[in-house]
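# Geometric and topological summary
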Amino acid sequence: MTVTQPKGFRAAGVAAGIKAEGKLDLALVVNDGPSQVAAGVFTRNVIKAAPVLWSQEVLKQQRLKAVVLNSGGANAATGPGGFQDTHQTAEKVAGLFEAGAIEVAVCSTGLIGERLPMDALLSGVDSAFTQLGTGAEADLNAATAVMTTDSKPKQAAASHDSGWSVGGFAKGAGMLAPNLATMLSVLTTDAVVTPEVLDRALRAATGVTFDRLDVDGGTSTNDTVLVLASGASGVEPTEAELTELLTAVSLDLVLQLRADSEGATKYVDVTVTGAANEADAIAVGRTIAEDNLVKTALFGSDPNWGRIAMALGRVPAEIDPEKVAIAINGVTLFAKGTPAADRSEADLSGRDIKIVVDLGLGEGESTIYTTDLSHAYVEENSAYSS
């Protein structure tokens, strides 16, 4: 269940010395396949980290030989010097494979506003190179090396009956309200695919998975999801088949990200149906998911549908109060402008909570994946510079 389950990939993770405590902090993923097609989606935050700017540029070629990722520093808001550090990192990796720097994507995560310790990072690239393809431990180390406040690595993979696979890893525990991506994720496939199909499949998959994860309303400066295709299976799936498997693996990773999100005690699905269009459904769901009064009520296991009504009522979307219905864990508590059941009938004592809002207007629908807001979230983020 790793990034190297698809044929044609190697990975490794090492302790380069970027993190003072000596933890794993640098990962390398390499595509050895006959094809090196790639696609990516990135943060919509206006303040983009240097690695995002670099990787966006190199992906115009729709080809990647390798991805190098580091934790321990975001290399964001670091000016021209930070961009040069990213370029130097890509050149270092490219030199190990007799490739060009434009064939190497770079990802970083950690504290915003500080330059990376380049001597340690470049030495770590050499160390990671020697560990490539050495087995399951190397794959796990790669997924571990990108962690910041994560408590565990996140990996997933799935295979198609016709003989090709998708694998990947992701990191993220806070600042999770991705716009087109999550904190950092690398996906791989050994399918034979054109650049155009891979790009469309990735955007379709992330649009209903990574882009629907909303833990705290914070969109990172470094959000990146990359997919590399090796073609090593020799099988060319249809676009629909590729999208379906990419979506399944992406959703697996998203639910792992949510489960490990900072301070979470509840896992919450906010499903909006009956919207005039999908955009309205997403806007309503995201507003409910980000509302602190809703989130604190869920932390207290309080089925306070009034807070949900308040949140959806302030969304700039088409809403008719007389047609709205709100259900929590299968109990409809509000409908047609009036209470429909006593709130005590909805049991929120468990970890899983499902909120369903039916706007009663059309066919638009979406699900946003979120959590509650706990004491632990506040405490962790008050102690960690992010």
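Residues numbered from 1 in each chain as written. Predicted model: local features only at pLDDT ≥ 70, side-chain atom pairs only at ≥ 80, totals over all residues. Heavy atoms only, no water.

If you look the chain up in an unreviewed UniProt entry, it shows as Arginine biosynthesis bifunctional protein ArgJ from Amycolatopsis azurea DSM 43854. According to the UniProt record, the Subcellular location (unreviewed entry) comment for the chain reads "Cytoplasm". Under the UniProt heading Subunit (unreviewed entry), the note attached to the chain is "Heterotetramer of two alpha and two beta chains." (UniProt positions renumbered as here; feature names shortened; annotations may be inferred.)

## Description of the domain arrangement of the chain
According to the domain assignment, the chain contains domain 1 (9–259) and domain 2 (267–381). A C-alpha centroid distance of 32 Å is found between domain 1 and domain 2. Counting from both sides, the interface comprises 16 residues of domain 1 and, opposite them, 17 residues of domain 2. Of the roughly 1300 Å² buried at the junction of domain 1 and domain 2 (both faces included), carbon and sulfur atoms supply 45%. Per-residue buried area on domain 1 facing domain 2 is highest for Arg212, Asp214 and Arg258; these three make up 55% of the total on that side. At the boundary of domain 1 and domain 2, one finds 3 salt bridges. Here domain 1 and domain 2 share 9 residue pairs in polar contact (both at pLDDT 80 or more) between them. Split by residue class, the side of domain 1 that touches domain 2 holds 9 nonpolar, 2 polar and 5 charged. (Domains from an automatic or database assignment. Contact = heavy atoms within 4.5 Å. Buried area = accessible area lost by both parts, 1.4 Å probe. Salt bridge = Lys/Arg side-chain N within 4 Å of Asp/Glu carboxyl O. Polar contact = N/O pair within 3.5 Å; in protein donor to acceptor, adjacent residues only side chain to side chain. Nonpolar A, V, L, I, M, F, W, Y, C, P; charged D, E, K, R; others polar.)

## As for the sheet that holds strand E14 (residues 352–358)
If you trace the 6 strands from one edge of the open sheet to the other, you get E13-E12-E11-E14-E10-E15, paired in mixed fashion. What marks the edges here is a single partner per strand, and that holds for strand E13 (338–339) and strand E15 (364–371). With 4 bridges joining them, strand E11 (residues 325–328) and E14 adopt antiparallel strand pairing. Across the sheet, residue Ala327 finds its bridge partner in E14, namely Val356. On the sheet, helix H6 (residues 239–259) packs against strand E10 (267–275) and E15 and is oriented at approximately 40° with respect to E15. Across the sheet, helix H7 (residues 278–290) lies against E10, E14 and E15, angled at about 20° from E15, the strand it touches most. (Pairing = 2+ DSSP bridges. Helix = DSSP H or I, 4+ residues; strand = E, 2+ residues; numbered from the N terminus. Axes fitted to C-alpha atoms, helices over the stretch in contact; angles between N-to-C directions.)

## Points about unusual backbone geometry
One non-glycine residue, Asn75, adopts positive backbone phi at about 50°. By the element assignment, Asn75 lies in the loop between strand E4 (66–70) and helix H2 (79–96). Despite not being glycine, Ser301 shows a phi value in the positive range, around 55°. Within the secondary structure, Ser301 is located in the loop between helix H8 (292–299) and helix H9 (305–313). Note on Ser301: relative accessible area 29%, which makes it partly exposed. (Buried < 20%, exposed > 50% of the residue type's maximum accessible area, 1.4 Å probe, protein only.)

## Here's the deal with H8
Taken together, the buried positions of H8 are Val294, Lys295, Ala297 and Leu298. The buried residues of H8 occupy one face: seen down the axis, they fall within an arc of 160°. On its buried face, H8 is in contact with E10, H7, H9, E14 and E15. Looking at where H8 begins, the residue whose side-chain oxygen comes 3.0 Å from the main-chain nitrogen of Leu293 is Asp291. Once H8 finishes, Ser301 follows within two positions and takes phi at roughly 55°, a positive value. (Arc of directions from axis to C-beta.)

## Regarding the packing of aromatic side chains
Per the counting criterion, the structure on display carries 3 aromatic pairs. Ring geometry for Trp305 versus Phe334: centroids 4.9 Å apart, planes at 25°, classification stacked. Within this pair, whereas Trp305 is found in helix H9, its partner Phe334 is found in strand E12 (residues 331–335), the two being separated by 29 residues in sequence. Neither Trp305 nor Phe334 differs from the other in exposure class; each is buried. (Phe/Tyr/Trp six-rings, centres within 6.5 Å; stacked < 30°, edge-to-face > 60°.)

## Let's talk about the sheet that holds strand E2 (residues 26–31)
An order of E1-E2-E4-E5 is seen for the 4 strands of this open sheet, with the pairing classed as mixed. In this open sheet, the two strands that pair with only one neighbour each are strand E1 (9–14) and strand E5 (104–108). Averaged over all adjacent pairs, the angle separating strand axes in this sheet is 10°, with direction ignored. Sheet topology places E1 next to E2; 6 bridges connect them, and they run antiparallel. Bridge pairing in E2 places Arg10 opposite Val30. Those strands touched by helix H3 (residues 118–131) are E1, E2 and E4, and its axis lies near 130° from that of E1. The strands touched by helix H4 (residues 136–145) within the sheet are E1 and E2, with E1 carrying the most contacts at an inclination of about 60°.

## With respect to the packing of helix H5 (residues 195–207) against H6
The geometry of H5 relative to H6 is characterised by a closest axis approach of 8 Å and an angle of 40° between their N-to-C directions. For the element pair H5 / H6, the angle class is oblique. Like other packed secondary-structure pairs, H5 and H6 cross with a definite hand, here right-handed. Touching Val197, Leu198, Arg200, Ala201, Leu202, Ala204 and Ala205 of H5 are Glu239, Leu242, Thr243, Leu246, Thr247 and Ser250, all from H6. Of the residues in the contact of H5 with H6, the class split is 8 nonpolar, 3 polar and 2 charged. (Parallel < 35°, antiparallel > 145°, perpendicular 65-115°, else oblique. Left-handed = near helix turned anticlockwise from the far one by under 90°.)

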